[in-house]
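Coordinate inspection notes
Spelled out, the chains give:
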Amino acid sequence: LLDSKHYYEFATNTIKNRNHGLLENETILDVNGNEVEVKDLVLGDEYKSYFISGSPNTDDYDILRQWSSPGSSLPSGSYETSSILVGKFEDTTFANDLTEIVFADNSTLVIGGEARMLVYDETNDVIRFERVVDLNTNYSLIKQDGTLSAVADINLNIYDEQQPVYTMNMEEVDNFILANG
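Rules used in this analysis
- Residues numbered from 1 in each chain as written.
- Predicted model: local features only at pLDDT ≥ 70, side-chain atom pairs only at ≥ 80, totals over all residues.
- Heavy atoms only, no water.
- Helix = DSSP H or I, 4+ residues; strand = E, 2+ residues; numbered from the N terminus.
- Buried < 20%, exposed > 50% of the residue type's maximum accessible area, 1.4 Å probe, protein only.
- Contact = heavy atoms within 4.5 Å.
- Pairing = 2+ DSSP bridges.
- pLDDT = per-residue confidence, 0-100.
- Core = buried A, V, L, I, M, F, W, Y, C linked by side-chain atoms within 4.5 Å.
- Phe/Tyr/Trp six-rings, centres within 6.5 Å; stacked < 30°, edge-to-face > 60°.

Re the overall build of the protein
- For the protein, the helix and strand inventory stands at one helix and 15 strands.
- Burial status across the protein gives 51% buried among its 181 residues.
- In the protein, the share of contacts with a sequence separation of at least 24, taken over all contacts with a separation of at least 6, comes to 71%.

Structure below.
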């Protein structure tokens, strides 16, 4: 189907709020590699995720932000796995705005600005977690095959009315794989 899959870290234990969510029609990969729209995710189902070796086992953003790994490749010992969805929270946008990340291949991802993502920071030559509102064109997301997808542009989308957004809580590894597109 689509070959542009991205690793995405969602901080599960922080307060669930409208600034963290994914737009309802964004998709993640189930354990069989099928794309599932966020609004259709089922509690108890398994979804692809990624264990990032050496990253802190916390959802505290101050701690996550301090962690990094040198270079543009995932740390040795990282691996693809799966996690069970134990929580799905539906809300609406707070101020009718969401961030649209446009990649070099013109694909997009629409997400709340406070969401945390696993990115390659070209300026500092490290892999790290970053809030969407702090991204710029010096960052890339890491595709499922390990290659990079450069951020070409970031737009603030303003909607005429509130939009449904979802946050998820995975049982174990929270670096779930989004299908962009």
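Next comes the rest of the description.
Description of the pairing of strand β13 (residues 148-158)
- Where strand β8 (residues 97-103) lies against β13, seven bridges are found, and the strand directions are antiparallel. Along β13, the bridge assignment pairs Ile101 with Ile154.
- Relative to β13, strand β12 (residues 139-142) is paired through three bridges, and the arrangement is antiparallel. Across the sheet, residue Ile142 finds its bridge partner in β13, namely Leu148.
- From the end of β12 to the start of β13, which pair antiparallel, there are five residues, and Gly146 there has a positive phi angle of about 95 degrees.

So, the confidence of the model for the protein
- Chain-level statistics for the protein give a pLDDT mean of 82 and a share of 85% at 70 or above.
- The spread of mean pLDDT over the elements of the protein runs between strand β1 (residues 5-9), the lowest at 40, and strand β6 (residues 68-70), the highest at 96.
- Considering only residues more than four positions removed or in separate chains, one finds that residues 1-18, a stretch of pLDDT under 50, has 85 contacts.

Digging into the nonpolar core
- Grouped together as the largest cluster of nonpolar side chains are 23 residues, with contacts concentrated most on Leu22, Leu41, Tyr47, Ile101, Leu109, Met117 and Met168.
- Those elements giving two or more residues to this core turn out to be β8, β9 (108-111), β10 (116-121), β12 and β14 (164-170).
- In terms of residues, this core owes the most to one element, β14, which gives three residues.
- Ignoring any residue separated from it by four or fewer positions in sequence, one finds Tyr47 in contact with Ile28, Leu29, Asp30, Val31, Val36, Leu41, Val42, Thr81, Ser82, Ser83, Leu85 and Met170.

Points about the packing of aromatic side chains
- The final tally for this structure, using the stated rule, is two aromatic pairs.
- Between Trp67 and Phe129, the aromatic rings sit 5.6 Å apart at their centres with planes inclined by 40 degrees, giving tilted as the arrangement. Residue Trp67 is located in the loop between α1 (61-66) and β6, and its partner Phe129 is located in strand β11 (residues 126-131); the two are separated by 62 residues in the primary sequence.
- Using a relative accessible area of 12% as the deciding quantity, one classes Trp67 as buried.

What to know about the environment of Ser76
- Within the fold, Ser76 resides in the loop between β6 and β7 (79-92).
- Spatially, the C-alpha atoms of Ser76 and Ile52 are 8.7 Å apart, while their sequence positions differ by 24 residues.

Points about unusual backbone geometry
- One non-glycine residue, Asn106, lies in the positive phi region at around 75 degrees.
- Checked against the element boundaries, Asn106 lands in the loop between β8 and β9.
- For Asp125, which is not a glycine, the phi torsion comes out positive at approximately 55 degrees.
- Checked against the element boundaries, Asp125 lands in the loop between β10 and β11.
- Classification of Asp125 as partly exposed rests on a relative accessible area of 39%.

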